[in-house]
Structure formats: C-alpha cells, structure tokens
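Below are the chains, spelled out letter by letter.
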Amino acid sequence: MKLTFHGGVEGVTGSCHHVEAAGLQFLVDCGMFQGGREADGRNRAPFAFKPRDIDFVLLTHAHIDHSGLLPRLAAEGFAGPIYATAATCDLLRVMLLDSAHIQEKEAQWRNEARNASRARASKPIYTARDAERALKQLRVVAYNETVQPHPALRCIYRDAGHILGSAIIEAWISEGGRTTKGVFSGDIGQPARPLVRDPTPVSEADFVLVESTYGNRLHRSMAATLAELEHAITDTLTRKQGNVIVPAFAVGRAQEMLYLLADLHRKGRLPPMKIYVDSPMAMQATQITLRHMAILDPDTAEVMNWARKQHNGMQVNFVQDVEESIALHQIKHGAIIISASGMCDAGRIKHHLRHNLGHRENTLLITGFQAAGTLGRRIVDGAKEVRLFGIPVPVRADVYTIGGLSAHADQGALLGWLGHFRRAPAHTFVVHGEAETAAMFAALVRDKLGWPDVVVPRTHAGVTI
Ligand SMILES: [Zn+2]
C-alpha cells in the first residue's frame with residue numbers, strides 16, 4: 001500500500017492524501033490551498049495523479065481547504081463517487097457553488113484589469129458548472145455505519161467534533177490477504193465546544209494521520225471566553241449605548257455565536273438584544289444546521305428551542321436583501337450585527353465597519369482567526385486608521401479579541417485524542433500544521449506517548465506501508 005501526501009502538509013491548507021492499494025486509487029480530501037501568494041499557482045498546478053484514475057474520494061468535511069478542488073478534479077476526468085456525511089453534503093451544495101462564483105468573479109476582475117495591457121486571458125480555477133458536476137458525485141455516509149466503496153476497502157466515519165458533519169475516517173484496506181487499518185483524523189475539534197459533539201475516540205490503527213493546527217498551544221478556557229463575551233456585549237449595549245459588530249465565518253462561527261448569545265441570554269447574563277445576521281450564506285448554513293440537530297450536541301436543541309420561543313429579550317433577524325443590509329447602516333445603538341467575511345476582507349462586513357468603526361460607543365468583536373495581510377489582522381494588531389472603499393476610517397471603536405472559540409483541538413486535546421489508542425500505531429503522520437508546529441507536536445507525541453515512528457511528511461512525499 002502506498003500513501004502520498006499532496007497537500008495539507010508543511011501548512012494547513014490544500015489537504016489531499018492519495019492511497020494506492022489492491023489495484024485501487026483513492027483520495028482522502030481534495031482541498032484548495034488558501035492564503036499567501038503562491039496559493040493560486042498551487043491550485044492550478046497539474047494534479048500529481050491522473051484524475052480519471054481515481055476510483056473514489058473519502059471526504060472528511062466541507063471546509064474549502066479539504067473540499068475546494070473537487071470541482072476541478074471532476075472537470076479533469078474524475079467520475080467516481082465522493083463519500084461524505086449528509087450534513088457535509090448539504091454544506092457543500094452551498095460552499096462549492098460559492099467558491100465557484102468567487103473563482104469566476106476573480107477571473108473576470110483580472111481580465112478587466114488586463115484588458116488594457118492585452119495580457120493573456122485569465123481562466124477561473126473552476127466554474128459553477130464544474131461544481132454542479134462534482135456535487136452530483138456525492139454519496140451520503142451515516143456516522144458509525146460501515147460503508148464499503150470497494151470489496152478491498154471498508155470505512156467508518158466517526159464524528160470529529162470540528163464543524164457540522166465533520167468526520168474522522170477509519171479505513172480497513174485489504175491487500176494480498178492482509179488487512180491494514182488506517183485512521184485519517186481530518187480536522188479534530190476541541191472538546192466541550194458549542195454546537196458540535198466532542199471528537200470520537202479511536203482505539204486502534206496500523207497507521208494514523210493526525211492534524212496539528214494548534215499542536216503548539218493551549219486554548220483559553222470556555223468559561224474565560226464566555227466571561228469576556230458577556231463583558232464586551234453588556235458594556236457596549238448598556239453603558240456605551242453602541243453597536244456590536246461581529247465578523248464571523250458564515251459556516252460554523254456565525255451559528256456558534258447565535259448559540260452562545262442565546263445561551264448567555266437565557267442564563268440572564270446578557271441584556272435584551274437585537275441580533276442581525278447579515279450574510280445570505282450564514283442564513284443558509286444556519287438552516288442546514290437546524291436540519292441536522294440530531295447529530296449536534298444535545299444542549300444545542302435545548303438552547304435553539306428556547307431561542308425560538310423567546311421573542312422579547314432576544315430578537316434574531318436574518319438579513320437577505322441588500323436594501324435591508326444598507327438599512328442597518330442607520331442603526332446607531334442596540335444592535336449586534338453578525339456578518340461575513342470572517343477576516344473583514346470582503347462582503348457586507350466591510351460596510352458595517354465603515355459605518356461603525358469610527359465611533360467610540362461601538363465595539364468590534366473578533367471571534368476567529370485573522371490571517372496575516374487581512375483587514376481584520378491589521379485592526380487586531382492595533383491600526384489607528386484603516387481604508388475602506390478608498391476612504392480612511394479611524395479605529396475608535398473598542399476591539400475585543402475573543403480567544404477560545406477555535407474549531408481545532410489544542411495541544412492537550414490532540415494528545416488526549418491520541419491517548420485513546422490502546423497501542424502505538426506502527427506509523428504516525430503529523431499533518432495539517434505549519435512546519436514548526438507539526439515538528440514540535442511530532443516530538444511531543446514521541447516523548448509523551450512513547451510512539452516509535454512519528455514523522456512529519458513533506459509535500460508529494462510517498463510512503464509504502
Ligand atoms: Zn476544517
């Protein structure tokens with residue numbers, strides 16, 4: 001059996017692992033590279049395998065850095081099934097089409113900019129039509145049930161507790177009368193987080209791939225995080241009489257924020273609030289989340305049912321039309337506006353920042369990771385003034401960075417998850433981490449767990465197991 005790492009190593013994006021065994025070829029994830037200047041080139045580079053030779057794809061979850069190149073794979077000849085949980089399939093219908101629209105728009109902008117210089121025309125990485133084609137290849141897999149994509153391969157998807165529908169994949173591969181068990185962690189969630197369940201423990205493997213996004217740090221506790229959230233909102237709405245602006249990823253973080261606000265309000269820790277969710281994609285993702293309540297943490301249903309009945313203390317409005325979104329710019333106090341993009345680089349959030357950032361009574365609540373080079377990061381780093389739509393806007397609002405809401409397990413939780421294995425896997429591959437973090441976490445697994453063969457693979461490196 002041969003395993004080759006084509007992405008999601010030496011970095012956290014572009015996850016793609018290629019397995020060749022028993023005359024079969026399959027991928028675990030086929031993600032886009034994101035961030036940095038070279039991402040576009042890597043997303044356009046020829047695949048290191050022939051797409052038409054891939055028999056099927058096992059998909060861990062819907063995030064674009066794990067799923068985003070599926071439309072290109074299909075456009076280049078991959079015609080097999082893509083196995084994913086029902087919630088992942090629902091999220092992909094929103095996310096892959098959105099990603100395709102972004103690719104098409106970016107190509108259009110580039111072409112408009114290049115027209116003057118008569119440079120070569122820019123093509124989108126893929127189109128909405130390619131995304132539609134890939135979506136037709138989805139096959140739903142239930143958690144904890146055996147699926148057999150081929151007589152030589154049996155899999156079970158377990159809840160990874162990372163985002164709605166996320167999975168750890170256990171795979172039993174039979175070849176030459178021998179069965180090898182591999183575990184693909186996908187992205188693993190932090191235990192005791194809102195909405196999702198805790199990651200499922202796994203007890204056995206011949207080889208394991210484990211993510212290491214935060215293999216070098218510990219997250220802030222949920223109790224401290226909630227206390228900070230309570231303070232920021234109460235102070236803004238009650239004392240300062242301003243608005244709270246929350247940039248949030250439309251899938252995941254926006255729903256978590258709604259849950260946390262409802263839960264804190266229900267417990268009497270927050271004043272009456274008018275919440276506006278100003279992102280059509282966040283609205284779709286919230287509807288999908290509500291449809292899949294059965295796979296979420298049991299607390300979620302209780303809080304959401306409470307929120308549905310409550311009409312005085314906490315109003316939630318989903319804003320769809322552009323006109324309604326523009327009307328929000330006139331609100332001077334008492335609103336909590338949750339909007340995308342999560343890093344303030346695009347979308348409606350930029351308009352809300354333009355209207356709110358310059359006033360001391362308002363608060364900007366940062367709840368997610370802000371990559372270097374983004375507007376969100378500049379504000380977090382203390383910029384006194386930012387440019388929005390070419391206009392300088394002073395940063396006078398309070399800026400709170402709420403840690404502790406990460407969707408990824410921290411060092412302790414990753415070690416805890418690995419600690420459930422009853423014996424050391426023969427091979428451990430530390431993936432999905434920046435080079436230094438992955439190396440540090442690999443050393444920790446060797447030292448703390450005493451596991452013998454723990455390596456950090458390089459891009460396109462292949463190993464025979
Ligand atoms: Zn993820």
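Predicted model only: the values in this text are computed from it and were never measured.

### Remarks on empty space enclosed by the protein
Line of reasoning, step 1. Considering all chains together, one arrives at 2 cavities of 30 Å³ or more under this definition.
Line of reasoning, step 2. I163, L164, L195, G252 and Q255 are, among the 15 residues lining the largest cavity, the residues nearest its centre.
Line of reasoning, step 3. In terms of residue class, the lining of the largest cavity is made up of 9 nonpolar, 4 polar and 2 charged.
Line of reasoning, step 4. Each of domain 1 (2-217 + 407-464) and domain 2 (222-401) gives at least three residues to the lining of the largest cavity.
Line of reasoning, step 5. A volume near 90 Å³ is recorded for the second largest cavity.
Line of reasoning, step 6. If you trace the second largest cavity, you find 13 residues lining it, with H17, D29, H66, G186 and V431 closest to the centre.
Line of reasoning, step 7. Its residues assigned to classes, the lining of the second largest cavity shows 4 nonpolar, 7 polar and 2 charged.

### Considerations on the environment of R93
Line of reasoning, step 1. For R93, the position within the fold is in helix α4 (residues 86-115).
Line of reasoning, step 2. Residues R93 and A131, 38 residues apart in the sequence, show an inter-C-alpha distance of 8.6 Å.

### Some remarks on the sheet that holds strand β22 (residues 462-464)
Line of reasoning, step 1. A sheet is described by the order of its strands in space; here 7 strands give the open sequence β6-β5-β4-β3-β2-β1-β22, paired in mixed fashion. Each edge of the open sheet is held by one strand with a lone partner, namely β6 (138-141) and β22. Averaged over neighbouring strand pairs, the angle between their axes works out to 25 degrees when direction is ignored.
Line of reasoning, step 2. Strand direction decides the pairing type here: strand β5 (residues 82-85) and β6, joined by 4 bridges, are parallel. In the sheet register, I82 faces β6, and the bridge partner there is L138.

### Comments concerning unusual backbone geometry
Line of reasoning, step 1. Each neighbour pair has its own omega, and for A340 with S341 the value is 10 degrees, a cis peptide bond.
Line of reasoning, step 2. Looking at where S341 falls in the secondary structure, it is placed in the loop between β15 (335-339) and α11 (349-356).
Line of reasoning, step 3. Although it is not a glycine, D29 adopts a positive phi angle of roughly 70 degrees.
Line of reasoning, step 4. By the secondary structure assignment, D29 is in the loop between β3 (24-28) and α1 (39-44).

### Description of the domain arrangement of the chain
Reports often express the size of an interface as the amount of accessible area lost when the parts come together.
Line of reasoning, step 1. Annotation of the chain at the domain level lists domain 1 (2-217 + 407-464) and domain 2 (222-401).
Line of reasoning, step 2. If you average the C-alpha positions of domain 1 and of domain 2, the two centres end up 30 Å apart.
Line of reasoning, step 3. Contacts between the two partners involve 19 residues from domain 1, matched on the other side by 21 residues from domain 2.
Line of reasoning, step 4. Across the interface of domain 1 and domain 2, roughly 1800 Å² is buried in total on both sides, 70% from carbon and sulfur atoms.
Line of reasoning, step 5. On the domain 1 side of the contact with domain 2, L164, P194 and L195 bury the most area, a combined 37% of that side's loss.
Line of reasoning, step 6. Taken together, the connections running from domain 1 to domain 2 amount to 2 salt bridges.

### A short note on the pairing of strand β1 (residues 2-7)
Line of reasoning, step 1. With 5 of 6 residues buried, β1 lies mostly within the body of the structure.
Line of reasoning, step 2. Where β1 and β22 come together, 3 bridges link them in antiparallel fashion. If you follow T4 over to β22, its bridge partner there is G462.

### A closer look at the coordination of the zinc ion
Line of reasoning, step 1. Ligation of the zinc ion by protein atoms is provided by H61 (NE2), H63 (ND1), H162 (NE2) and D187 (OD), these donors lying 2.2 to 2.3 Å from the ion.
Line of reasoning, step 2. Coordination at the zinc ion comes from 4 donor atoms whose angles at the metal span 90 to 167 degrees, giving a geometry best classed as irregular.
Line of reasoning, step 3. The sequence pattern formed by the donor residues of the zinc ion is H-x1-H-x98-H-x24-D. With H162 in the loop between β8 (153-159) and β9 (167-175) and D187 in the loop between β10 (178-184) and β11 (207-211), this residue pair connects regions lying 25 residues apart in the sequence. The same class applies to H162 as to D187, namely buried.

The rules behind the values
Residues numbered from 1 in each chain as written. Predicted model: local features only at pLDDT ≥ 70, side-chain atom pairs only at ≥ 80, totals over all residues. Heavy atoms only, no water. 1 Å grid on protein atoms, 1.4 Å probe; cavity = no way out; pocket = protein on both sides within 12 Å on 5 of 7 lines; lining within 4 Å. Points joined across faces, edges and corners; volume = space filled by probe spheres on them. Nonpolar A, V, L, I, M, F, W, Y, C, P; charged D, E, K, R; others polar. Domains from an automatic or database assignment. Helix = DSSP H or I, 4+ residues; strand = E, 2+ residues; numbered from the N terminus. Pairing = 2+ DSSP bridges. Axes fitted to C-alpha atoms, helices over the stretch in contact; angles between N-to-C directions. Contact = heavy atoms within 4.5 Å. Buried area = accessible area lost by both parts, 1.4 Å probe. Salt bridge = Lys/Arg side-chain N within 4 Å of Asp/Glu carboxyl O. Buried < 20%, exposed > 50% of the residue type's maximum accessible area, 1.4 Å probe, protein only. Donors = N, O, S within 2.8 Å, 3.2 Å for Na, K, Ca; no water. Tetrahedral: all angles 85-135°; square planar, octahedral: opposite > 155°, others 65-115°.

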